[in-house]
Amino acid sequence: MSNIEKGKYGEKLASQYLIKNGYRIIETNYKYSRLGEIDIIALYKDELCFVEVKTRSSNKFGAPFEAITRDKLQKMIVCMKNYSQNSNLKFKRCRIDAISVEIGGKSPVIKHIKNVEL
C-alpha cells in the first residue's frame with residue numbers, strides 16, 4: 001500500500017469513527033490556497049472541528065501524533081479562520097482535533113485528541 005493509499009484509508013477510518021461518535025462530516029480534504037489542506041471538517045453539537053489525520057503502519061519513524069508540527073498547526077489555523085469566516089454553518093466555537101490511525105496490527109487502532117493547541 002502506498003503512502004497516499006494509506007493516508008486515504010486512514011482518513012476513511014477516521015471519518016467512520018467520527019460519524020459513529022456523533023459528528024457530522026461537512027467536508028474532506030479542504031484546500032485553502034497553497035497553505036495546505038484540512039483532512040476532515042466536521043460539526044459536533046455546536047463546535048466546528050478541523051481534524052488532522054495521521055496514519056501509520058508502524059512506529060518505526062515515530063508515532064502518528066509526532067508528525068503534527070507547530071508549522072502544520074499554524075497553517076491549519078489560517079485555513080480554519082478562512083473556512084469559518086466564509087461558511088454558512090451555524091456554530092459557536094471552532095477547534096482543531098487530531099486523529100491517529102495505526103493500521104499495522106490485526107485491527108486499526110484509532111486515537112482522538114480534541115482541541116489541539118500550539
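Before going into details, it helps to say that this report is about the structure given with it.

Each value, and the rule that gives it
- Residues numbered from 1 in each chain as written.
- Predicted model: local features only at pLDDT ≥ 70, side-chain atom pairs only at ≥ 80, totals over all residues.
- Heavy atoms only, no water.
- Pairing = 2+ DSSP bridges.
- Helix = DSSP H or I, 4+ residues; strand = E, 2+ residues; numbered from the N terminus.
- Axes fitted to C-alpha atoms, helices over the stretch in contact; angles between N-to-C directions.
- Contact = heavy atoms within 4.5 Å.
- Expected span 1.5 Å × (residues − 1).
- Buried < 20%, exposed > 50% of the residue type's maximum accessible area, 1.4 Å probe, protein only.
- Salt bridge = Lys/Arg side-chain N within 4 Å of Asp/Glu carboxyl O.
- Right-handed = clockwise from strand over helix to strand, strands pointing away.

What follows concerns the sheet that holds strand β4 (residues 93-102). Within the open sheet, the five strands sit side by side as β1-β2-β3-β4-β5. Their pairing is mixed. Taken across any chain shown, the strands that pair with only one partner, and hence form the sheet edges, are β1 (24-32) and β5 (109-113). On average, each strand axis in the sheet is tilted by 30 degrees relative to the strand beside it, whichever way the strands run. By the bridge criterion, five bridges tie β4 to β5 in an arrangement that is antiparallel. Bridge pairing in β5 links Ile-99 to His-112. Where helix α1 (residues 3-20) meets the sheet, it contacts β1, β2 (36-44), β3 (47-56), β4 and β5, and its direction lies at approximately 140 degrees from that of β3.

All right, on to helix α2 (residues 70-86) then. Compared with the 24 Å implied by 1.5 Å per residue over 17 residues, the 25 Å span of α2 between its first and last C-alpha is a close match. When we look at burial in α2, the residues that qualify are Leu-73, Met-76, Cys-79, Met-80, Asn-82, Tyr-83 and Ser-84. Buried positions along α2 lie against β1, β2, β3 and β4.

Let us now look at the pattern of salt bridges. Tallied over the full model, the rule gives nine salt bridges. Of the charged contacts, one joins Lys-31 and Glu-37 as a salt bridge, the two residues approaching to 2.7 Å between their closest N and O atoms. By relative accessible area, which is 56% here, Lys-31 ends up exposed. Bridged by salt links that share partners, the residues Asp-46, Glu-47, Arg-93, Arg-95 and Asp-97 form one connected network.

Counting buried residues along β3, nine of its 10 residues qualify, which places the element largely inside the surrounding structure. As paired elements, β2 and β3 share five bridges and run antiparallel to each other. Residue Ile-41 lies in a different strand from β3, and its bridge partner there is Phe-50. If you look at the hairpin formed by β2 and β3, you'll find two residues sitting between the two strands, and Lys-45 has a positive phi there, around 55 degrees. Bridge count for β3 against β4 is 10 bridges, and the pairing is parallel. Within β4, the residue paired with Leu-48 across the bridge is Cys-94. Handedness of the crossover joining β3 and β4 through α2 is recorded here as right-handed.

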